[in-house]
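Here is how the chains run, residue by residue.
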Amino acid sequence: MGMSVGGAKGSGGGRRRRGGKKAIMSEINVTPFVDVMLVLLIIFMVAAPMMTVGVPIDLPETQAKALNSDTQPITVSVNPAGEIYLQETAIAIDEVVPKLEAIATTGYNERIYVRGDTNADYGTVMKVMARISAAGFKNLGLVTLQEQEK
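What this report covers is the structure whose coordinates are included nearby. Please read these numbers as outputs of a predicted model, since none were measured by experiment.

**Section: the overall build of the protein**
Phase 1: Per the secondary structure count, the protein includes 3 helices and 7 strands.
Phase 2: Going through the 150 residues of the protein one by one, you find that 22% of them count as buried.
Phase 3: If you take every contact in the protein between residues at least 6 apart in sequence, the share linking residues at least 24 apart comes to 73%.
Phase 4: A total accessible area of about 12100 Å² is found for the protein, and carbon and sulfur atoms account for 58% of it.

The structure is reproduced here in structure tokens:
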């Protein structure tokens, strides 16, 4: 009267299919997927700040404090050759106001920064500022670097 625990071959106690083959494992190993995703995340976190490209300008230095800004302002840049850029797109001086009016989301209260290179013609920077101001834009500012103590 003894009973066998564990099942003998052919008693149906094991998890074997016909022919003695093992069952196919249908589980997904997530660890390599997570590793790859973390590596990609680190790569993009390091590379993203390097991808911000702008107009290369040597800004003048002042002792003015930095302004706090919640939104990205519109920037108009003047390089040493006198070329005018709206954000990163080169435009003619006659196109400055119409393009600003087209992209200003808050109307004439939009914050606009003028960036003039240290070696740029003062007259060109002032012409750009005068046209923007005459069009009715109220929040107009000049961008400078903070002066380094020597």
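From this point, the discussion proceeds with the structure in view.
**Let's talk about the nonpolar core**
Phase 1: Counting residues in hydrophobic clusters, the biggest one holds 17 residues, and the most contacted among them are Val76, Ile84, Leu100, Ile112 and Ile132.
Phase 2: At the level of secondary structure, the elements contributing two or more residues to this core comprise strand S2 (74-78), strand S3 (84-86), helix H2 (96-103), strand S5 (111-116) and helix H3 (122-134).

**Remarks on H2**
Phase 1: Among the residues making up H2, those that are buried are Val96, Val97 and Leu100. When H2 is viewed along its axis, its buried side chains cluster within an angular range of 90° and face the same direction.
Phase 2: Buried residues along H2 sit in contact with S2, S3, strand S4 (89-91), S5 and H3.

**Regarding the pattern of salt bridges**
Phase 1: With the rule as written, the count across this model stands at 1 salt bridge.
Phase 2: The residue Arg131 makes a salt bridge to Asp94 at a minimum N-O spacing of 3.0 Å. Note that Arg131 is positioned in helix H3 and Asp94 in the loop between S4 and H2, a separation of 37 residues in sequence.
Phase 3: Of the residues examined, Arg131 reaches a relative accessible area of 35% and is grouped as partly exposed.

**Thoughts on the pairing of strand S6 (residues 139-142)**
Phase 1: Taken together, the 4 bridges between S5 and S6 define a ladder with parallel strand orientation. When the sheet's bridge partners are listed, Ile112 is paired in S6 with Leu140.
Phase 2: Each parallel crossover has a hand, and for S5 linked through H3 to S6 it is right-handed.

**A word on the sheet that holds S2**
Phase 1: The strand order S4-S3-S2-S5-S6 describes an open sheet built from 5 strands, whose pairing is mixed. Each end of this open sheet is capped by a strand with a single partner; those strands are S4 and S6. Across this sheet, the average inter-strand angle for adjacent strands is 25°, counted without regard to direction.
Phase 2: Against the sheet, H2 engages S2, S3, S4 and S5, with an angle of about 10° to S3.

**Focus: the side chain of Arg115**
Phase 1: For Arg115, the position within the fold is in strand S5.
Phase 2: For the buried Arg115, no salt bridge exists, and the shortest N-O distance to an oppositely charged side chain is 6.8 Å, to Glu88.

**What about unusual backbone geometry?**
Phase 1: Notably, Gln87 is not glycine yet its phi reads approximately 60°, a positive angle.
Phase 2: Tracing the backbone through its elements, the reader meets Gln87 in the loop between S3 and S4.

**Observations concerning the environment of Ser133**
Phase 1: Residue placement: Ser133 occurs in helix H3.
Phase 2: Here the alpha-carbon distance between Ser133 and Tyr108, two residues 25 residues apart in the chain, equals 9.8 Å.

Rules used throughout
Residues numbered from 1 in each chain as written. Predicted model: local features only at pLDDT ≥ 70, side-chain atom pairs only at ≥ 80, totals over all residues. Heavy atoms only, no water. Helix = DSSP H or I, 4+ residues; strand = E, 2+ residues; numbered from the N terminus. Buried < 20%, exposed > 50% of the residue type's maximum accessible area, 1.4 Å probe, protein only. Contact = heavy atoms within 4.5 Å. Areas by Shrake-Rupley, 256 points an atom, 1.4 Å probe, with all protein chains shown as cover. Core = buried A, V, L, I, M, F, W, Y, C linked by side-chain atoms within 4.5 Å. Arc of directions from axis to C-beta. Salt bridge = Lys/Arg side-chain N within 4 Å of Asp/Glu carboxyl O. Pairing = 2+ DSSP bridges. Right-handed = clockwise from strand over helix to strand, strands pointing away. Axes fitted to C-alpha atoms, helices over the stretch in contact; angles between N-to-C directions. Lys, Arg positive; Asp, Glu negative; His and termini not counted.

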